[in-house]
Amino acid sequence: MREFFYKKWVKACMAVLCLISFNVMAASFSLMAICESENVYSKTEEEIREQMQEKVCMNYSIMAVARYKSDFCMDKLSGTNFRYGVIQADKIEGMDLNNKRIYKACNFDRKVTEDMLHIHAFDVGESTEFRVGSSLFDSFYLYNDLDVIYTEDGNEILSKTDSTKRYYVLSYVKKPLKEQGEFFSENLFGKLKQWERQDYFVQAEAVVSVLCAVKGWVFELFLLSLALFLFSLVGLFTGAGHRGAKEVVPGWADRIPFDVFTAAALILGTVFPAIIAAENISHVHGSVQWMVQIGLLCFCAEEILILVFAMSAASRIKMGTWWKNTLCVRTYTFIKKWIKNKIRNILELYSRMLPMMWRAWAVMAGLAVLELMGLTVAIYRPGMQVSLWLMEKIALYALITKFLLQMKKLQHAGAAIAAGELEEKISTDGMFWDLKEHGENLNNIRNGINHAVEERLKSERFKTELITNVSHDIKTPLTSIINYVDLLEKEELDNPNAREYLNVLGRQSQRLKKLIEDLMEASKASTGNLAVVCESCDAHVMLTQTIGEYEEKLKASQIELIVKESEEQILLWADPRHLWRIFDNLMNNICKYAQASTRAYVNIEKQEEAGKIVFRNISKYALNIESEELLERFVRGDGSRNTEGSGLGLSIANSLTELMGGTFELVTDGDLFKVIVTFQTVKDHRER
């Protein structure tokens, strides 16, 4: 589902939907707020209309009184639907309101009664300031020379002063309302242009009509637009930074430092549009049409900028670079690195100039000087003693702790090298002088050991390849020799010496063939090039078959073989061919090197979840070499090498055992020769 929002056309549609739904949501919320402030939901349309007309009459009355020194704004208000008269008196009770002589100004066009009039009283003095706007909602004036008194019910009244005069403005609305031009009959901007030509009553009538028309469904529109806005916003944030792929790819905006981008977006999104709007509004003298057009352009540009900023912020958060890619962090990192390099250069120069002991004494001398300075300050300001002591200990203990941690790091590295872990290097960044040098030395030791190991492995590979190639090259002519010896043995030879020579040639060629086969098998086993197909092998059966093949050799060598088998069946997980070769080599080793007229022992045991086969015998030759040396190639218990054998039997058995996942252990104790071969059982292998 996420990959759907990674597509470019989907993100473009989500962006358009986000902007449209946000504007609809803002407009519907504004209408809801106006409806709530004007109590549209709790009043009828007629009550709302009367309330609005009362406000308009109040605004026009302020405009009239504002010109109390001239014509009471008759020249401007005569063309409106506002009918009014201005009376200067302390009270108007009992006056004949249709007598034109009592009015300072009057444009009544019919007889009036007190119940049909809106009456507003104003106390006006020389210092009263009037502020009259040009909008339906912004006409008001201030009482600067009057005292404000609050009655018990919370209503505000104004106390008169000696320098004020009271004016009454009596007004009513001319009906039907007279409109200027084709109002509400043109396009949007045409309506805005016509709007400026209407008086406040016509404008109020239009506002009331709109509010009453939308109050029934504006809340549902707000919820719908809010849901679409949130859906599109989630879709945009999901696809932010993705260019049709799963990984986040930074765009052109993501490469700008985040704090610079934020400041630019803030300036361009708020201050700059406001300045442009103010300049344009001042040039068109408050034209509503141009105000709306410029306002819409600035508002749309601001919305697009905010959306781009939000998408870039989402991409940065996904990449985890929103705080790294800032000008402040870059500056801080540069300054920190520069200061650190300077300090490091000074310390390295100091380290090269003085040996380790002298540096330690210099540090201690510096600490002594600092302590002396602290004592001097404490003499004149005793209250600083504890603070200075605490600051010194914090700094000193921090340095000692860092020194000890670095020593511990070097200690672990030395232990790792001793354990044979040579891959990971020690990071010496930030270490003190001599500790850093020691760490570099340990890294160099690792490199030297790795180089030596690589050379050793290279030598082993070369030796293995040499043995394999030479064995293969010798095997071809040897096969021809064996074949021709076999042909000669089938011929009738009269000379008995020739027959004897031929027999010797046949035995020695077979011995040489066996040696070559052992060499090739040992090479393949040590390099892991032999195919291994493990299956269930009955240890009792295979060992019994192997021992049966060596009964005659054991009798000829006067060796008594004692076999001790386990009561339960032991099934080993191994390759039958390789397991037989292991048993064969070990039995052959007993026949060749066991002391005559002695006993040899073979035990089959079950140890936990493993099967163990133990071979023991007394050697006829002194075993004055280590067990590890006996497992190497071409090493024989017969130091004089008078017996037949290549010295590869134990090495092959060891390699085959390790190749099948078993363990091969050789133990010598005096003349006692002991081999322990261990394999997993079938049950244990299946559980793993």
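Each chain has its residues counted from 1, following the order in which its sequence is written. Totals for whole chains, interfaces and linings use every residue, but because this is a predicted model, local features are given only for residues with pLDDT of at least 70 and side-chain atom pairs only at 80 or more, for both listing and counting. For side-chain calculations, the full set of non-hydrogen atoms in the structure is used, while hydrogens and water are omitted.

Some thoughts on the overall build of the chain
Step number 1: The secondary structure content of the chain amounts to 19 helices and 15 strands.
Step number 2: Only protein chains enter the accessibility calculation, which uses a 1.4 Å probe; a residue is then buried when its area is under 20% of its type maximum, exposed when over 50%, and partly exposed in between. Residue burial in the chain is summarised as follows: out of 688 residues, 34% are buried.
Step number 3: Any pair of residues with heavy atoms lying within 4.5 Å of one another is described as a contacting pair. Looking at the chain alone, contacts between residues at least 24 apart form 69% of all its contacts between residues at least 6 apart.
Step number 4: Each accessible area value is a Shrake-Rupley result obtained with a 1.4 Å probe; residue values ignore everything except the protein chains displayed when judging cover. In the structure as shown, the chain presents an accessible area of about 42,500 Å², 60% of it carried by carbon and sulfur atoms. Numbering of helices and strands starts at the N terminus; helices are DSSP runs of H or I of at least 4 residues and strands are runs of E of at least 2.

Considerations on the packing of helix α16 (residues 576-593) against helix α18 (residues 649-659)
Step number 1: Comment: axis = line fitted to C-alpha atoms, over the contacting stretch for helices; angle = value between 0 and 180 degrees taken between N-to-C directions. Contact geometry for α16 and α18: axes closest at 9 Å, N-to-C directions at 150°. As summarised for this structure, α16 and α18 are arranged roughly antiparallel, according to the angle between their axes. For the pair α16 and α18, the sense of crossing is left-handed. Contacts between α16 and α18 involve H578, R581, I582, N585, L586 and N589 from the former and G649, L650, I652, A653, L656 and T657 from the latter.
Step number 2: Residues are grouped as follows: nonpolar covers Ala, Val, Leu, Ile, Met, Phe, Trp, Tyr, Cys and Pro; charged covers Asp, Glu, Lys and Arg; every other residue, Gly included, is treated as polar. Along the lines of polarity and charge, the residues of the contact of α16 with α18 split into 6 nonpolar, 5 polar and 1 charged. For classification purposes, an angle smaller than 35 degrees is called roughly parallel, one larger than 145 roughly antiparallel, one from 65 to 115 roughly perpendicular, and anything else oblique. Here is the rule for handedness: rotate from the far helix to the near one, and if that takes an anticlockwise turn smaller than a right angle the crossing is left-handed, while a clockwise turn gives right-handed.

Topic: unusual backbone geometry
Step number 1: For the bond from K175 to P176, the omega torsion is -5°, close enough to zero to count as cis.
Step number 2: Positionally, P176 belongs in the loop between β8 (164-173) and α4 (188-197).
Step number 3: The phi angle at F72 is positive, at roughly 55°, despite the residue not being glycine.
Step number 4: F72 gets classed as buried once you look at its relative accessible area, which sits at 4%.
Step number 5: Unlike most non-glycine residues, Q558 shows phi in positive territory, near 55°.
Step number 6: With respect to the secondary-structure elements, Q558 resides in the loop between α15 (551-556) and β10 (559-564).

Re a negative patch on the surface
Step number 1: Where like charges cluster on the molecular surface, the negative patch consists of E626, E628, E629 and E632.
Step number 2: Topologically, E632 is positioned in the loop between α17 (627-630) and α18. Residues enter patches when their relative accessible area tops 30% and they take part in no salt bridge; the joining distance is 9 Å for like charges and 5 Å for the nonpolar side chains Val, Leu, Ile, Met, Phe, Trp and Tyr. Each reported salt bridge corresponds to a side-chain nitrogen of Lys or Arg within 4 Å of a carboxyl oxygen of Asp or Glu. Positive residues here are Lys and Arg, negative ones are Asp and Glu, while His and the chain termini are left out of the count. By convention, the charge on Lys lies at NZ, on Arg at CZ, on Asp at CG and on Glu at CD.

A short note on the packing of aromatic side chains
Step number 1: Pairing of aromatic rings covers Phe, Tyr and the six-membered ring of Trp, with a centre-to-centre limit of 6.5 Å; geometry is then stacked below 30 degrees between planes, edge-to-face above 60, and tilted otherwise. Following the criterion strictly, the structure yields 13 aromatic pairs and no others.
Step number 2: Taking the centre distance of 4.9 Å and the plane angle of 20° together, the rings of F82 and Y84 count as stacked.
Step number 3: Residue classification places F82 among the buried residues on the basis of a relative accessible area of 0%.

Focus: the sheet that holds strand β12 (residues 598-607)
Backbone hydrogen bonds hold the strands of a sheet together, and the pairing may be parallel or antiparallel.
Step number 1: In this analysis, strands are considered paired if DSSP registers two or more bridges between them. Strand order in the open sheet formed by 5 strands is β10-β12-β13-β15-β14, with mixed pairing between adjacent strands. One side of each edge strand has no neighbouring strand; the edge strands of this open sheet are β10 and β14 (663-669). The mean inter-strand angle of the sheet, taken between neighbouring strand axes irrespective of direction, is 15°.
Step number 2: Sheet topology note: the β10/β12 ladder contains 6 bridges and is parallel. Looking across to β12, one finds that V563 is bridged to V602.
Step number 3: Relative to β12, helix α14 (residues 539-549) is tilted by about 165°, and along the sheet it contacts β10, β12 and β13 (610-618).

Regarding the packing of helix α2 (residues 45-66) against helix α5 (residues 200-214)
Step number 1: Packing of α2 against α5 leaves a shortest axis separation of 10 Å and a crossing angle of 150°. What the angle tells us is that α2 and α5 run roughly antiparallel. In this structure, the crossing between α2 and α5 has a hand that is right-handed. Residues E45, I48, R49, M52, Q53, V56, C57, N59, Y60 and M63 of α2 form the contact with α5, whose own contacting residues are Y200, F201, A204, E205, V207, V208 and C212.

Remarks on the state of the cysteines
Step number 1: Here, a disulfide means two cysteine sulfur atoms that sit within 2.5 Å of each other. Tallied over the full model, the rule gives 0 disulfides.
Step number 2: In this structure C537 is not part of a disulfide, and its nearest cysteine sulfur, from C534, lies 7.8 Å away.

Observations concerning α14
Step number 1: All buried positions along α14 are accounted for by A539, H540, M542, L543, T546 and I547.
Step number 2: Any pair of nitrogen or oxygen atoms within 3.5 Å is treated as a polar contact; in protein, a donor-acceptor pairing is required on top of that, and neighbouring residues in sequence qualify only through side-chain atoms on both sides. The N-cap residue of α14 is D538: its side-chain oxygen and the backbone nitrogen of H540 are 3.1 Å apart.

Concerning the side chain of N654
Step number 1: Locating N654 in the fold gives a position in helix α18.
Step number 2: When residues no more than four places from it in sequence are discounted, the contact partners of N654 are L631 and F664.

Description of the confidence of the model for the chain
Step number 1: pLDDT runs from 0 to 100 and stands for how confident the predictor is about each residue. Averaged over every residue, the pLDDT of the chain is 75; the share at 70 or more is 72%.
Step number 2: Taken as a whole, residues 139-158 scores under 50 in pLDDT and shows 53 contacts with residues more than four places along the chain or in a different chain.
Step number 3: Under a pLDDT of 50 for its full length, residues 184-190 has, in the predicted model, 7 contacts with residues more than four places off or in other chains.

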